[in-house]
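The lines below spell out each chain.
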Amino acid sequence: NSKVIQTPRYLVKGQGQKAKMRCIPEKGHPVVFWYQQNKNNEFKFLINFQNQEVLQQIDMTEKRFSAECPSNSPCSLEIQSSEAGDSALYLCASSLLVLGTYEQYFGPGTRLTVL
Amino acid sequence: GNSVTQMQGQVTLSEEEFLFINCTYSTTGYPTLFWYVQYPGEGPQLLLKVTTANNKGSSRGFEATYDKGTTSFHLQKASVQESDSAVYYCVLGGYQGGRALIFGTGTTVSVSP
């Protein structure tokens, strides 16, 4: 079972408000990912980090989201100004090389509702 | 581009019936393929993976076979239980640790006692 910890589990914000969520990856997993899962069960990759540095991020993340993964602190994802379309399950995953292939382990997610 | 297709949106079964979920993928090369399962209120869990090295994977009674010729990666289980009710995702993995996963649209499996 995954030991990725995400807080809070539920987040309710008004439009225009900031929304911040945190993730503690599994110990020893060098790469951390953030995904957005919408109500249609579609997954969208947002951003990932390796050793506190951003590896990749999509355009949306670059403009309206801020994220960081400092050493010895939880990773975080923050939406600067929430929109109704941001309502979704935000999933954090950490990645480990196992028998020659990279596996990703997910946390339970933070469910964001933007009113 | 890279993509994964699951045509079955919903599968309804009774306990002890056979489960088969179809998945096809499109990519270059021979990536690792995964099946993830997601229960209500939880994040996706890795169920099993298959690489080009072994072509087959199994876990908890589930089996998947990787067919490079037809670019398919089907999941099956001989006898389902009510506790297998969940959403199952066929997932295309990257070649490197920093590559994002590509999820299929998911198949909701409902098993009645």
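Residues numbered from 1 in each chain as written. Chains lettered and ligands numbered in written order. Predicted model: local features only at pLDDT ≥ 70, side-chain atom pairs only at ≥ 80, totals over all residues. Heavy atoms only, no water.

Enumeration over the complete set of coordinates arrives at three disulfides over all chains. For Cys23(A), the disulfide goes to Cys92(A), at an S-S distance of 1.9 Å. Where Cys23(A) bonds to Cys92(A) through sulfur, the torsion about that S-S bond is close to -65 degrees, and the disulfide is left-handed. Remark: Cys92(A) occurs in strand E9 (residues 88-98) and Cys23(A) occurs in strand E3 (residues 19-24); sequence separation between them is 69 residues. Among the residues examined, Cys23(A) registers a relative accessible area of 0% and is labelled buried. Here Cys23(B) engages in a disulfide with Cys90(B); their sulfurs sit 1.9 Å apart. Measuring handedness by torsion sign, the sulfur bridge of Cys23(B) and Cys90(B) sits at about -70 degrees and is left-handed. Highlighted residues: Cys23(B) in the loop between strand E3 (19-21) and strand E4 (24-26) and Cys90(B) in strand E10 (residues 86-92), separated in sequence by 67 residues. The class for Cys23(B) is buried, based on a relative accessible area of 1%. Residue classification places Cys90(B) among the buried residues on the basis of a relative accessible area of 0%. (Disulfide = S-S within 2.5 Å. Helix = DSSP H or I, 4+ residues; strand = E, 2+ residues; numbered from the N terminus. Buried < 20%, exposed > 50% of the residue type's maximum accessible area, 1.4 Å probe, protein only.)

This brings us to the interface of chain A and chain B. Contacts between chain A and chain B engage 23 residues on the former and 22 residues on the latter. Summed over both partners, the interface of chain A with chain B comes to about 1600 Å²; 56% of that surface belongs to carbon and sulfur atoms. For chain A, the biggest contributors to the area lost against chain B are Phe43(A), Tyr102(A) and Phe106(A); these three give 30% of the whole. Here Lys49(B) ties to Glu103(A) by a salt bridge, and the two come within 2.8 Å at their closest N and O atoms. Between the two partners, chain A and chain B, sit ten residue pairs in polar contact (both at pLDDT 80 or more). For the side of chain A that touches chain B, the secondary structure elements donating two or more residues are strand E4 (31-37), strand E5 (43-50), strand E6 (53-57), E9 and strand E10 (101-106) of chain A. In terms of residue count, E10(A) provides more of the side of chain A that touches chain B than any other element does, six residues in total. Its residues placed into classes, the side of chain A that touches chain B shows 13 nonpolar, eight polar and two charged. (Contact = heavy atoms within 4.5 Å. Buried area = accessible area lost by both parts, 1.4 Å probe. Salt bridge = Lys/Arg side-chain N within 4 Å of Asp/Glu carboxyl O. Polar contact = N/O pair within 3.5 Å; in protein donor to acceptor, adjacent residues only side chain to side chain. Nonpolar A, V, L, I, M, F, W, Y, C, P; charged D, E, K, R; others polar.)

Attention now moves to unusual backbone geometry. Residue and element names in this part refer to chain A. In the segment running from Thr7 into Pro8, the intervening peptide bond is cis, with an omega of -10 degrees. With respect to the secondary-structure elements, Pro8 resides in the loop between strand E1 (5-7) and strand E2 (10-13). One non-glycine residue with positive phi stands out, namely Asn41, at about 65 degrees. Looking at where Asn41 falls in the secondary structure, it is placed in the loop between E4 and E5.

Purely geometric numbers; function is a separate question.
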